[in-house]
Amino acid sequence: MTPSAADLIRVLPEIIWCGFGVLLMLLQPFLKNRQGLTLFAMVGAAAGTLATYFGQMGSGFFGLVQFDTYSLFFHWLVGLVAFLVILASDSYLERENLAPAEFYALILFATAGMGVLASAQELLTAFIGLEMSSISSYVLAGYRRDSVKSSESAVKYFLLGSFATAFFLYGIALVYGASGSTNLMQIASADPGSNLLRLGLALILVGLGFKVAAAPFQVWTPDVYEGAPTPVTALFAAGPKAATFALLLRIFTTIHAATDFWFWAFWILAVVTMFVGNLGALVQTNVKRMLAYSSIAHAGYTLVAFAAVTTMKLDPETGAAPAYAAVLFYLLGYSLVKVGAFTIVSEIGGQGERYLTLDDFAGLGTRQPLAAAAMTLFLLSLLGMPITAGFFGKFYVFKAAINSKLIWLVVLMTINTAIGAYYYLRVIVVMYMREHKGDVPADAATSLSPTAAMVVAVVALATLYLGLLPNHVLGIVLSQDLILSAR
Amino acid sequence: MSGVLVIFFVLAALAVFGAVSLILQSHPIHSALSLILVMVSLAGLYLLMGAEFIAAVQIIVYGGAVMVLFVFVIMLLNAGVEERTNFSKLATFGGIPLALALGGIIAAAIARSSGNLPPPAASGAMTSTRELSKLLFSEFVYPFELTSFLILVAILGAIVLAQREN
């Protein structure tokens, strides 16, 4: 039995991403030109993203894959992130003298895995997607083989990641035992009171909680993010995180047994994650590490919206629509901004990523006014200031939480935003108001490379667009079609 | 107690014994041999459940090929007795109680719901290799094909991390 053409077109993005990954590996002996490979990989990332245009809505492959507006949104998100990360990697790979072909191939394979995650309607398919993205990530984290930190990052990520995967897989096994199926639709009709089902869902939550860096499963995050090559860190902070949240939301909304059972889990995870991320970031002097903690904190904010989904689902009038919209909008704004911020950090870091401390950012406002201005914009967006994407992201999360009467969660989130203000604004103050101690090192970057500047410009424009005119994207994430398909 | 149940408990006890021994042994070769015990007992358990294909694959691939590679690598690296660091003590005092607690929770949940479990999806159908392959190439063809990319990624990763600097 061969799959129908419509089914194949539904997974066309994954096919294209994987195909370009294979082609890159085949081209590598013939095409020595780095820019050529970069361009080729970017074409691949873009082609896969645009291929979503041809897909028909509906489920394919015997209900294993769901192609709907929801998965379309996340395909666009991970495709865009891959495109930007590949563009940002070009100058990085040249500077660090790393082989480009395998690097891009791994990014494309990881993106295909994320695409699978975003559209999986069945847990085994989701597992394969998760592993495709994870195994590529482990290797990418250790791509700078001459650096001890990079190797440490890869080993840590690999060991702890495999451990988390084991939890996820065991959870799937128990859910299968309780419901007799791995398909979300069939699991949804299983007895919601079953202890086995709940235990399985709890273990799945642990496994996925690790991948999105929710506390207390976040221990790996700062070391892995710090040690990985910075463009890879940008990818980690954006792509896999968003795709895993997509799967989490799909499981969570399809299986009703999870709804009430996961509410307190999300509540507690959200609070712990916000505090661990923000308090951890306070004491960091390394900007890359600080952004790693900040991405933990942002996972916490996203989980607040998840908790809101739980309670709003019970509301017959609105349903959980505003909470879904908050999650999607938040993830979009957050992912793009993280890519931009890490790209700037990558450029400032210089060869061997040596200039990453706050002191190295001192006086950046006069040395590199444009980079400093963009970094300021991104940090303000992460903080949630108006006219940036982060403002509306946080605003909708707040609104969803208030509508769900999660007052304590709102209070704790406000406290955390205030803590966040300290370390985000500190970087801005250092950039503009402090002089560089001693002479600026001769090999420090004097300007952004053209490719990195392009990425930063795109992200900056997107940040302002989402911050000034959120209604267009909000209209998409609030569309009835999306909400229905997310159920 | 029926004969099948006796065999089950013997195999289960062997598997658990092997797994614990795998962690406690301080020499890598002993750990590897313990792992073989785990693999073989698991294969026996699969056979007991009527999954003869999985049992055979378990023996051939895991018990055979993978373990031979493990042992080769250990010998090539000439790995000696492992060193215990101070962190291992934390693992002893913090890890063991937590692991026992997790095991207890899982066991309790399974014990409490063992009465009202649904019967296996297609009782008997899963047993034969023919049925399994039918499933793999019809309903589950998508994840099955994706697995080949997963393996490709793993190979690519191994090459990237192991190749010489040029």
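Bear in mind that the values here come from a model prediction, so they are computed numbers and not experimental data.

Engineer: What am I meant to see in the overall build of chain B here?
Structural biologist: In terms of helices and strands, chain B carries six helices and zero strands. Pairs at least 24 apart in sequence give 58% of the contacts found in chain B among residues at least 6 apart. Surface exposure of chain B reaches about 11,200 Å², of which carbon and sulfur atoms provide 75%.

Engineer: Would you explain the pattern of salt bridges in this entry?
Structural biologist: When charged atoms on two side chains of opposite charge get close, those side chains can pair. Residue and element names in this part refer to chain A. Evaluation of the coordinates by the stated rule reveals 13 salt bridges over all chains. Among the ionic pairs, E353 bridges to K288, the shortest N-O distance being 2.6 Å. Of this pair, E353 sits in the loop between α14 (321–349) and α15 (358–361) while K288 sits in helix α13 (residues 287–312), and the two are 65 residues apart along the sequence. Residue K288 is classed as buried on the basis of its relative accessible area, which comes to 0%. Where salt bridges share partners, they join K149, E152, K156, D223, E226 and R289 into one cluster.

Engineer: Help me understand the domain arrangement of chain B, please; the structure alone is not making it clear to me.
Structural biologist: By a frequent convention, interface size equals the accessible area lost on bringing the separate parts together. Residues and elements named next belong to chain B. According to the domain assignment, chain B contains domain 1 (1–81) and domain 2 (126–166). Distance from the C-alpha centre of domain 1 to the C-alpha centre of domain 2: 23 Å. Contact with domain 1, which involves four residues of that partner, is made by four residues of domain 2. Summed over both partners, the interface of domain 1 with domain 2 buries about 330 Å², with 61% contributed by carbon and sulfur atoms. The largest share of the area that domain 1 buries against domain 2 comes from G50, E52 and F53, three residues that together contribute 82% of it. At the junction of domain 1 with domain 2, the criterion picks out zero salt bridges. A per-class count over the side of domain 1 that touches domain 2 returns two nonpolar, one polar and one charged.

Engineer: What am I meant to see in unusual backbone geometry here?
Structural biologist: Most peptide bonds take the trans configuration, and most residues that are not glycine carry a negative phi. All names here are of chain A. The omega angle of the peptide bond from A215 to P216 is 5°, so this bond is cis rather than trans. Within the element layout of this structure, P216 appears in the loop between α9 (195–211) and α10 (221–227). Despite not being glycine, I387 shows a phi value in the positive range, around 65°. Within the secondary structure, I387 sits in the loop between α17 (369–383) and α18 (389–403). Exposure remark for I387: the relative accessible area of 47% places this residue in the partly exposed category. Phi is positive for K405, close to 60°, though the residue is something other than glycine. Following the sequence through the fold, K405 ends up in the loop between α18 and α19 (407–433).

Engineer: I keep staring at the interface of chain B and chain A and nothing clicks. Help me out?
Structural biologist: Opposite the 32 residues of chain B that make contact, chain A presents 39 residues. Connecting chain B to chain A are zero salt bridges. Inspection of the region where chain B meets chain A yields two residue pairs in polar contact (both at pLDDT 80 or more). Those elements that provide at least two residues to the side of chain B that touches chain A are α4 (87–113) and α6 (141–162) of chain B. In terms of residue class, the side of chain B that touches chain A is made up of 23 nonpolar, five polar and four charged.

Engineer: How should I be thinking about the environment of V6 of chain B in this particular structure?
Structural biologist: Within the fold, V6 of chain B resides in helix α1 (residues 3–24). Expressed as a C-alpha distance, the spacing of V6 of chain B and V66 of chain B, which sit 60 residues apart in the sequence, is 29 Å.

Engineer: How do you make sense of helix α11 (residues 230–254) of chain A when you look at a structure like this?
Structural biologist: At 3.6 residues per turn, the α-helix brings residues three or four places apart onto the same side. Residues and elements named next belong to chain A. Here α11 spans 36 Å end to end across 25 residues, near enough to the 36 Å set by a 1.5 Å rise per residue. The axis of α11 is deflected most strongly, by about 30°, at F236, and proline P240 appears within four residues downstream. Within α11, 25 of the 25 residues are buried, which leaves the element mostly enclosed by the surrounding structure.

Engineer: Mind showing me how you'd approach the nonpolar core here?
Structural biologist: What tends to happen in soluble globular proteins is that the nonpolar side chains get buried as a cluster. Within the largest apolar cluster, 197 residues are counted, with the highest numbers of intra-cluster contacts made by F74, I251, L291 and F378 of chain A. It is α14 of chain A that provides the largest number of residues to this core, a total of 19 residues. Every residue in contact with F74 of chain A, bar those within four places of it in the chain, is listed here: A118, A242, A246, L328 and L331 of chain A. Residues A32, L35, M39 and M67 of chain B belong to the second largest nonpolar core, which totals six residues.

Basis of the calculations
Residues numbered from 1 in each chain as written. Chains lettered and ligands numbered in written order. Predicted model: local features only at pLDDT ≥ 70, side-chain atom pairs only at ≥ 80, totals over all residues. Heavy atoms only, no water. Helix = DSSP H or I, 4+ residues; strand = E, 2+ residues; numbered from the N terminus. Contact = heavy atoms within 4.5 Å. Areas by Shrake-Rupley, 256 points an atom, 1.4 Å probe, with all protein chains shown as cover. Salt bridge = Lys/Arg side-chain N within 4 Å of Asp/Glu carboxyl O. Buried < 20%, exposed > 50% of the residue type's maximum accessible area, 1.4 Å probe, protein only. Domains from an automatic or database assignment. Buried area = accessible area lost by both parts, 1.4 Å probe. Nonpolar A, V, L, I, M, F, W, Y, C, P; charged D, E, K, R; others polar. Polar contact = N/O pair within 3.5 Å; in protein donor to acceptor, adjacent residues only side chain to side chain. Expected span 1.5 Å × (residues − 1). Bend = angle between axes of the 7 residues up to and from the residue. Core = buried A, V, L, I, M, F, W, Y, C linked by side-chain atoms within 4.5 Å.

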